[in-house]
Amino acid sequence: MLQAQLTIDPAHRVAPVRRRTFGTFVEHLGRCVYTGIYEPGHPTADAEGFRGDVLALTRELGVTTVRYPGGNFVSGYRWEDGVGPRERRPRRLDLAWHSTETNEIGVDEFVRWSRLAGLEPMMAVNLGTRGVAEAVDLLEYCNIPSGTTLSDLRVAGGAKEPHDIRMWCLGNEMDGPWQIGHKTAHEYGRLAAETARAMRMVDPGLELVACGSSGSSMPTFGSWETTVLEETYDLVDHISCHAYYEEKDGDLGGFLACATDMEHFISTVVSIADQVGARLGSGKKISVSFDEWNIWYLSRHQSAPPPPDWPVAPPLLEDHYHLADAVAFGGLLVTLLRHSDRVAAACLAQLVNVIAPIMTEPGGRAWRQTTFHPFAQAARYASGDVLLTEPVGPSYETGEFGQVPVLHAVATHDDRFTTVFAVNRSVTEPLELELDTRALGAVRIAEATTLTHEDVYARNTADDPERVAPRPNTSHRSDPARIVLPPVSWNVIRLARS
Ligand code: AHR
């Protein structure tokens, strides 16, 4: 059996756990909105057509914020199409996903759904086919109480109170050649700066996110951030990072260590931001909004033909996650938490049906994918402060990342509990984890759960929704506190004062 040690010391504080780490993303894409969050006529739907089963699972997932309406979709979106009487809303081609958008759901319905789910909405503006004027119009529509044409239009539509949306993304993935209205860093940086300046004239207190790179392997990674931040530094609060991972060429060990790329991505972006800030003589720090992250079998999607005939809400990007995906995913959560000093927000992309923790059948059941569980546990149990923890233990060789530690872990600490989130990346070996808790005083392992399965490719389905779910781990012992983590596992260990 492999052995590793983790020292937990509340003096080694990184930052408070940021609730916005547990954000998610709803895009007009595939069945995320239509037959995802919204399906009038579904047996659980409310009077507005929102699915009650999806709302319940969203609450259980513990999501805090939700980014909307895209994604690639936003770069061709006219927000005005989605407001006013439904029967007058236009049907449009959605170029990003080769679909037809009916506009049955728009900003007002989305904000109402967010409030029902207890989430903070986070809005993206279209800087692909549109610009400063339309972004400011949307802000006025959403956040001005009344007394202007656009705010009165909102009130007339039934939304008497302003939506008061605080966090705004200035476009989406503008570095990507696939993006409608793709731009160079300089073109985008200028547009983002002018949009931010105008939006701040409406409300100086907004939190604004400039688009960073769509992945650390983008050819412009690094130079993009430098140029964009040189243009926008004083006008924005955050720079975005997006990252998706998948198992490639049967390299399971490498895949389980994909958080290594995320670690490097965050550290590099933070260094670049600080360097730009230093050059500008600014005392301000830019933080990271990791507003798209997940496991996504993108290569499968890229090799699939586009849907024919511009369908409405076709099934797209409906990845079915297995145990190994959930463990790699847990590693990404560990990394986001470890960087809580600079990662101010994160959005799991996406929430329902589209590369999502929640799946639905049209007219039928909803269930939890394997990835639901690490997210729900981290959202529920990460609390208080994130502690700096450096595991001591074995490492292994990967094709993509060289030597990586077998154990990837983080701890959080509040007045009642210290919680360790730990991934055993070994494909074959259990790992005995010893916790050095001397700095915590008298504590005991009050609860421990493990997400694992004898078949690393086991999935949950509508017929077998609990096949992969956290189960109690009873292997723990005291003096010293220790526990056995099975190979390919996500683990949550809760220490309580004894
Ligand atoms: O989340 C799916 C897509 O991934 C988003 O629309 C886009 O921003 C990213 O490339």
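Quick caveat, the model's predicted, so the values are computed rather than measured. (Residues numbered from 1 in each chain as written. Predicted model: local features only at pLDDT ≥ 70, side-chain atom pairs only at ≥ 80, totals over all residues. Heavy atoms only, no water.)

(A) The arrangement of the domain arrangement of the protein in detail. Each assigned domain of the protein is listed with its residue range as follows: domain 1 (2–9 + 387–497) and domain 2 (18–381). Each of domain 1 and domain 2 was reduced to a C-alpha centroid, and the two centroids are 30 Å apart. The interface is formed by 42 residues belonging to domain 1 together with 37 residues belonging to domain 2. Around 3,200 Å² of area is buried between domain 1 and domain 2 when both sides are counted, 64% of it from carbon and sulfur atoms. Taken as a group, Phe 401, His 408 and Trp 490 account for 18% of the area that domain 1 buries against domain 2, more than any other trio of residues on that side. Applying the counting rule to domain 1 against domain 2 returns four salt bridges. We note a salt bridge from Glu 466 to Arg 368, for which the minimum N-O separation is 3.4 Å. At the boundary of domain 1 with domain 2, the tally comes to 19 residue pairs in polar contact (both at pLDDT 80 or more). (Domains from an automatic or database assignment. Contact = heavy atoms within 4.5 Å. Buried area = accessible area lost by both parts, 1.4 Å probe. Salt bridge = Lys/Arg side-chain N within 4 Å of Asp/Glu carboxyl O. Polar contact = N/O pair within 3.5 Å; in protein donor to acceptor, adjacent residues only side chain to side chain.)

(B) Structural view of the site of the ligand. Lining the immediate environment of the ligand, one finds Phe 25, Glu 27, Gly 71, Asn 72, Trp 97, Asn 172, Glu 173, Tyr 244, Glu 292, Trp 296, Gln 350 and Ile 355. Burial of the ligand by the protein amounts to 96% of the accessible area it has alone, namely 280 Å². Residue composition of the shell around the ligand, grouped by class: five nonpolar, four polar and three charged. (Near = heavy atom within 4 Å. Areas by Shrake-Rupley, 256 points an atom, 1.4 Å probe, with all protein chains shown as cover. Nonpolar A, V, L, I, M, F, W, Y, C, P; charged D, E, K, R; others polar.)

(C) Here's a closer look at unusual backbone geometry. The amide bond that connects Tyr 68 to the next residue, Pro 69, takes the cis arrangement and shows omega of 0°. Here Pro 69 shows up in the loop between β4 (65–68) and β5 (92–94). Between Asp 479 and Pro 480 the backbone carries a cis peptide bond, its omega angle lying at -5°. Tracing the sequence through the fold places Pro 480 in the loop between β22 (471–472) and β23 (481–485). (Helix = DSSP H or I, 4+ residues; strand = E, 2+ residues; numbered from the N terminus.)

(D) Local environment of the sheet that holds strand β2 (residues 13–16). On the basis of which strands lie adjacent, the open sheet formed by seven strands has the order β2-β15-β18-β19-β24-β21-β22 and antiparallel pairing. At either end of the open sheet lies a strand with only one pairing partner, and these are β2 and β22. The pairing of strand β21 (residues 443–451) with strand β24 (residues 489–497) spans eight bridges and is classified as antiparallel. Residue pairing in the sheet places Ile 445 in a bridge with Leu 495 of β24. Sheet contacts for helix α10 (residues 323–338): β2, β15 (385–387), β18 (407–413), β19 (417–424), β21 and β24; angle to β18, the most-contacted strand, approximately 50°. (Pairing = 2+ DSSP bridges. Axes fitted to C-alpha atoms, helices over the stretch in contact; angles between N-to-C directions.)

(E) Local environment of the layout of surface pockets. Of the pockets and cavities examined, the largest pocket occupies roughly 1,100 Å³. Residues of the lining of the largest pocket, tallied by class, amount to 21 nonpolar, twelve polar and ten charged. (1 Å grid on protein atoms, 1.4 Å probe; cavity = no way out; pocket = protein on both sides within 12 Å on 5 of 7 lines; lining within 4 Å. Points joined across faces, edges and corners; volume = space filled by probe spheres on them.)

(F) How the structure looks around the nonpolar core. Counting 165 residues, the largest nonpolar core has Trp 168, Phe 290, Trp 293 and Leu 433 as the members making the most contacts within it. With eleven residues, the single largest contributor to this core is α10. For this core, the two domains that each supply at least three residues are domain 1 (2–9 + 387–497) and domain 2 (18–381). Beyond its immediate chain neighbours, meaning those up to four positions away, Leu 433 contacts Ala 4, Gln 5, Leu 6, Leu 407, Ala 422, Ala 481, Arg 482, Ile 483, Leu 485 and Ile 493. (Core = buried A, V, L, I, M, F, W, Y, C linked by side-chain atoms within 4.5 Å. Buried < 20%, exposed > 50% of the residue type's maximum accessible area, 1.4 Å probe, protein only.)

(G) Up close: the UniProt feature "domain: Alpha-L-arabinofuranosidase C-terminal" (unreviewed entry) in the protein. UniProt records the feature "domain: Alpha-L-arabinofuranosidase C-terminal" (unreviewed entry) for residues 291–489 in the present numbering. Secondary structure over residues 291–489 splits into 16% helix and 34% strand, and the C-alpha atoms at its two ends are 25 Å apart. (UniProt positions renumbered as here; feature names shortened; annotations may be inferred.)

(H) Quick look at the sheet that holds strand β9 (residues 207–210). If you walk around this closed barrel you meet the eight strands as β3-β4-β7-β8-β9-β10-β11-β12, and the pairing is parallel. Taking the axes of each pair of neighbouring strands and ignoring which way they run, one obtains an average angle of 30° across the sheet. Two strands pair when backbone bridges link them, and strand β10 (residues 238–245) and strand β11 (residues 287–295) are joined in this way by seven bridges, in the parallel orientation. Bridge pairing in β11 places His 238 opposite Ser 287.

(I) A look at the packing of aromatic side chains. Counting across every chain of the model gives 13 aromatic pairs. A centroid spacing of 6.2 Å and a plane angle of 75° characterise the contact between Tyr 34 and Tyr 38, whose relative ring orientation is edge-to-face. Pair check on accessibility: Tyr 34 and Tyr 38 agree, each one buried. Here the aromatic rings of Tyr 38 and Phe 50 are separated by 6.2 Å at their centres, their planes lie at 65°, and the arrangement is edge-to-face. Here Tyr 38, found in the loop between β3 (23–25) and α1 (52–61), pairs with Phe 50, found in the loop between β3 and α1; they are twelve residues apart in sequence, far enough to count as distant. Judged by its relative accessible area of 1%, Phe 50 falls in the buried class. Put simply, the rings of Tyr 34, Tyr 38 and Phe 50 touch in pairs and so form one group of aromatic residues. Of note, Arg 368 hangs over the ring of Phe 372, and the distance from its end group to the ring centre comes to 5.6 Å. Here Arg 494 stacks its cationic end above the ring of Phe 417, 4.0 Å away from the centre of that ring. (Phe/Tyr/Trp six-rings, centres within 6.5 Å; stacked < 30°, edge-to-face > 60°. Lys NZ or Arg CZ within 6 Å of the ring centre and 35° of its normal.)

(J) Inspection of the environment of Gly 222 at higher detail. By the element assignment, Gly 222 lies in the loop between β9 and α6 (223–232). In sequence terms Gly 222 and Ala 56 are 166 residues apart; their C-alpha atoms lie 40 Å from each other. Contacts of Gly 222, omitting those with residues within four sequence positions, involve Ser 213 and Ile 272.

(K) Geometry of empty space enclosed by the protein. Per the counting criterion, the structure on display carries three cavities of 30 Å³ or more. If you add up the space inside the largest cavity, you get close to 120 Å³. Lining of the largest cavity is provided by 15 residues; of these, Tyr 77, Trp 79, Ala 124, Asn 126 and Leu 138 occupy positions nearest its centre. Elements supplying a minimum of two residues to the lining of the largest cavity: β7 (120–125) and α3 (132–143). Its residues assigned to classes, the lining of the largest cavity shows eleven nonpolar, two polar and two charged. Empty space within the second largest cavity amounts to approximately 70 Å³. Lining of the second largest cavity is provided by His 28, Leu 29, Gly 30, Val 33, Tyr 34, Asp 94, Ser 99, Thr 100, Glu 101, Ala 313 and Pro 314. For the lining of the second largest cavity, the leading source of residues is strand β6 (residues 99–101), giving three residues. When the residues that make up the lining of the second largest cavity are grouped by side-chain class, the tally is five nonpolar, four polar and two charged.

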